[in-house]
Amino acid sequence: MISIIGLLLYTTNNTLHFMKILLGSDFHCSKELCNEVISKVETEHYDLFLYAGDFCNWAGYNCAQYGGCNPKGTEEVEQLFSFFDKIDSFTTWFAIPGNHEPAKQILYNSYLDKYWHSKYYLHPQLSVVKDSWDTYPPIKILAIPYTPYCGWNWTLTETINNYLLEEYRKEKVDIILTHAPPKGHLDNNIYTKWDTTLLELMELLEPKYYICGHVHECGGMTKEVGATTVINCATTVMEIEL
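Residues numbered from 1 in each chain as written. Predicted model: local features only at pLDDT ≥ 70, side-chain atom pairs only at ≥ 80, totals over all residues. Heavy atoms only, no water.

Asks: What is the right way to look at the overall build of the chain in this model?
Replies: Per the secondary structure count, the chain includes five helices and 14 strands. The buried share of the chain, reckoned over its 242 residues, is 55%. Long-range pairs, those at least 24 residues apart, make up 73% of the contacts in the chain with a sequence separation of at least 6. (Helix = DSSP H or I, 4+ residues; strand = E, 2+ residues; numbered from the N terminus. Buried < 20%, exposed > 50% of the residue type's maximum accessible area, 1.4 Å probe, protein only. Contact = heavy atoms within 4.5 Å.)

Asks: I would appreciate a short explanation of the packing of aromatic side chains in the present structure.
Replies: Aromatic ring pairs: the centre-centre distance and the angle between the two ring planes describe each pair. Counted according to the given criterion, the structure contains 15 aromatic pairs. Aromatic pair Phe 94 and Tyr 121: ring centres 5.6 Å apart, planes at 85°, arrangement edge-to-face. Placement of the pair is Phe 94 in strand E4 (residues 92-95) and Tyr 121 in the loop between strand E5 (119-120) and strand E6 (125-131), with a sequence separation of 27 residues. The exposure classification of Phe 94 matches that of Tyr 121, with both residues buried. Taken together, the aromatic side chains of Phe 27, Phe 49, Tyr 51, Phe 55, Phe 83, Phe 84, Trp 93 and Tyr 120 make up a single cluster linked through ring pairs. Seen from the ring of Tyr 46, Lys 20 lies directly overhead, with NZ or CZ sitting 4.7 Å from the centre. Here the guanidinium or amino end of Lys 72 rests over the ring plane of Trp 58, the centre of that ring lying 4.5 Å away. (Phe/Tyr/Trp six-rings, centres within 6.5 Å; stacked < 30°, edge-to-face > 60°. Lys NZ or Arg CZ within 6 Å of the ring centre and 35° of its normal.)

Asks: What is the right way to read unusual backbone geometry from this model?
Replies: If a residue is not glycine, its phi is most likely negative; likewise, a peptide bond is most likely trans. Although it is not a glycine, Cys 29 sits at a positive phi angle of roughly 65°. Residue placement: Cys 29 occurs in the loop between strand E2 (20-25) and helix H1 (31-43). Judged by relative accessible area, which is 15%, Cys 29 ranks as buried.

Asks: Help me understand the sheet that holds E5, please; the structure alone is not making it clear to me.
Replies: Strand pairing in a sheet takes place through backbone hydrogen bonds and is either antiparallel or parallel in direction. A sheet is described by the order of its strands in space; here five strands give the open sequence E5-E4-E3-E2-E14, paired in mixed fashion. The open sheet has two edge strands, E5 and strand E14 (236-241), and neither has a second partner. Across four bridges, the pairing between strand E3 (residues 48-51) and E4 is parallel. Counterpart to Phe 49 in the pairing with E4 is Trp 93. (Pairing = 2+ DSSP bridges.)

Asks: Can you walk me through the pattern of salt bridges in this structure?
Replies: Counted under the stated rule, the structure contains four salt bridges. Linking Glu 44 and Lys 20 is a salt bridge whose minimum nitrogen-to-oxygen distance equals 3.7 Å. Linking Glu 44 in the loop between H1 and E3 with Lys 20 in strand E2, this pair joins segments that are 24 residues apart in sequence. The residue Lys 140 makes a salt bridge to Glu 171 at a minimum N-O spacing of 3.0 Å. In this pair, Lys 140 is assigned in strand E7 (residues 139-144) and Glu 171 in the loop between helix H4 (158-167) and strand E10 (175-178), connecting sequence segments 31 residues apart. On the basis of relative accessible area, Lys 140 is assigned to the buried category, the value being 11%. Judged by relative accessible area, Glu 171 falls into the partly exposed class, the value being 24%. (Salt bridge = Lys/Arg side-chain N within 4 Å of Asp/Glu carboxyl O.)

Asks: Quick question: what am I supposed to make of the pairing of strand E13 (residues 228-232) here?
Replies: When a strand is regular, its side chains alternate between the sheet's two faces. E13 sits mainly inside the fold: five of its five residues count as buried. Pairing of strand E11 (residues 209-212) with E13, which is carried by four bridges, proceeds in the parallel orientation. Bridge assignment links Tyr 210 to a residue of E13, and that residue is Val 230. In the sheet, strand E12 (residues 221-225) pairs with E13 via five bridges, with the strands oriented antiparallel. Bridged to Val 225 within E13 is Thr 228. The antiparallel hairpin formed by E12 and E13 contains two residues in its connecting segment, where Gly 226 sits at a positive phi of about 60°.

Asks: Would you mind going over the environment of Asp 88 with me for this structure?
Replies: Turning to its location among the elements, Asp 88 is positioned in helix H2 (residues 74-88). Here the alpha-carbon distance between Asp 88 and Phe 49, two residues 39 residues apart in the chain, equals 9.5 Å. Of the polar contacts made by the side chain of Asp 88, one reaches the side chain of Trp 93; its length is 3.2 Å. (Polar contact = N/O pair within 3.5 Å; in protein donor to acceptor, adjacent residues only side chain to side chain.)

Encoded structure:
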């Protein structure tokens, strides 16, 4: 299993191997995509499964009017919990909510402290990840559970973006895990010039990978942006080695 050790750095003299990581996003309760991931983690070895949000369809729509979850999305949230329960039986997973997910209190009350080695991030957090056998160097994952404004939920504001730029500007990060792509990269030109995205943060930190989804038209695509590989895994299942 994999452990999260806060900001503690770890070194090893053992032989190093690549970490095999499975990716997914924007399943929107698709049984086909859920079964594909479950089948892969059951039959193949993956060190980690990263999910970039939007498991649900309706749970996050006008959710403030319904105490945090649109009634149309109640069963979707149960499916979300069931899906990650199954994944947890086979591998460690990290996930963030997308704009279609319910409010924080719904996920917090049901889910936050349930797993000791996996994590559903409800606020920005930097985790250093290593395996128990010291077979590969640790990786640093910055999980950001916010999406540029689109009228639904989990909105990335300018205030949050400025906080991220200040809080993490000196960190060396291997992966940014978030829901939406940075402006101008695998975004199908959905943003206006006024939209706040994580482009500046990505350019500042230069992670090896920027894992996202949100824009279905670009699902399955990758793009090299300086030192970073942007991966949009919307409505698909992909994998990387690190």
